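Given next are the chains, with one letter for each unit.
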Amino acid sequence: SGTQSTNTVKNLIGLTENIEGERVLIIEDIVDTGRTYQHLTNLLRDARVKDMRIATLTHKRDAYKLDLPVHYVGLDIPNKFIVGHGLDYDGYGRNYADIYQLYEEK
């Protein structure tokens, strides 16, 4: 909501197939706090997958506080709010072809 996390992970779809014993690759647009990653890790652990890896386009290492490894990272970025490539600000900027840092007025 705005430039702040709601601190809530919404499970909109869930698992529709039995994936027990499968190898899973999670592809994320951004990993910052890791709340979504932790939620998915718990979901996949309960589904008894064989192995799980995560790939992300952008990673905010300064905001990330989990011990879970982020396996594949496209870009390490500062802990700033960004838009573009599916990332939005209250619905705006999601379709930008590039990634932009939201301007912060002081």
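## Focus: the nonpolar core
And then number 1: Of all hydrophobic cores here, the largest spans 11 residues; its members are Ile19, Ile26, Val31, Tyr37, Leu44, Ala47, Val49, Met52, Ile54, Tyr64 and Val70.
And then number 2: For this core, the elements supplying multiple residues, two or more each, are strand S1 (23-31), helix H1 (35-46) and strand S2 (51-59).

## Considering the pairing of S2
And then number 1: The pairing of S1 with S2 spans eight bridges and is classified as parallel. Within S2, the residue paired with Val24 across the bridge is Met52.
And then number 2: Once you follow S1 into H1 and on to S2, the crossover reads as right-handed.

## Points about the packing of aromatic side chains
And then number 1: If you walk through the whole model with that rule in mind, you get two aromatic pairs.
And then number 2: Measuring from ring centre to ring centre gives 6.1 Å for Phe81 and Tyr89, while their planes differ by 80 degrees; the resulting arrangement is edge-to-face.
And then number 3: With a centroid separation of 5.7 Å and an interplanar angle of 90 degrees, the aromatic rings of Tyr96 and Tyr100 are classed as edge-to-face.
And then number 4: Here Tyr96 falls in the partly exposed class, since its relative accessible area comes to 42%.
And then number 5: Residue Tyr100 is classed as partly exposed on the basis of its relative accessible area, which comes to 42%.

## Regarding the side chain of His59
And then number 1: Position of His59 among the secondary structure elements: in strand S2.
And then number 2: Residues contacting His59, with those up to four places away along its chain left out, are Val31, Tyr64, Val70, Val73, Leu75, Asp76 and Ile77.

## Describing the sheet that holds S2
And then number 1: Read across the sheet, three strands follow the order S1-S2-S3 without closing on themselves; strand pairing throughout is parallel. Two strands in the sheet have a free side with no partner beyond their single neighbour: S1 and strand S3 (72-76). Between one strand axis and the next, the sheet turns through 15 degrees on average, direction left out of account.
And then number 2: Strands in contact with H1 are S1 and S2; relative to S1, the strand with the most contacts, it is inclined by about 165 degrees.

Conventions adopted
- By convention here, each chain's residues receive numbers from 1 onward along its written sequence.
- At least 70 in pLDDT is required for a residue's local features to be given in this predicted model, at least 80 for side-chain atom pairs to be given and counted, and no such filter applies to totals for whole chains, interfaces and linings, which use all residues.
- Side-chain metrics rest on all non-hydrogen atoms present in the structure, leaving aside hydrogens and water.
- Among the buried residues, those of types Ala, Val, Leu, Ile, Met, Phe, Trp, Tyr and Cys that are joined through side-chain atoms within 4.5 Å form a nonpolar core.
- Exposed residues in this analysis have more than 50% of their type's maximum accessible area, buried residues have under 20%, and partly exposed residues fall in between, with area computed by a 1.4 Å probe over protein chains only.
- Working definition: helices are DSSP H or I runs of at least four residues, strands are E runs of at least two. Numbering for both runs from the N terminus.
- When DSSP finds at least two bridges between two strands, those strands are taken to pair.
- Whether a crossover is right-handed comes down to one check: with the strands pointing away from the viewer, does the path from the first strand over the helix to the second run clockwise; if it does, it is right-handed.
- The criterion for an aromatic pair is that two Phe, Tyr or Trp rings (for Trp, the six-membered ring) have centres within 6.5 Å, with stacked assigned to planes under 30 degrees apart, edge-to-face to planes over 60 apart and tilted to the rest.
- The contact criterion used is simple: two residues touch if any of their non-hydrogen atoms lie within 4.5 Å.
- Every axis in this analysis is a line fitted to C-alpha atoms, fitted for helices over the stretch in contact. Angles between the N-to-C directions lie between 0 and 180 degrees.

Honestly, it's all geometry; don't read function into it.
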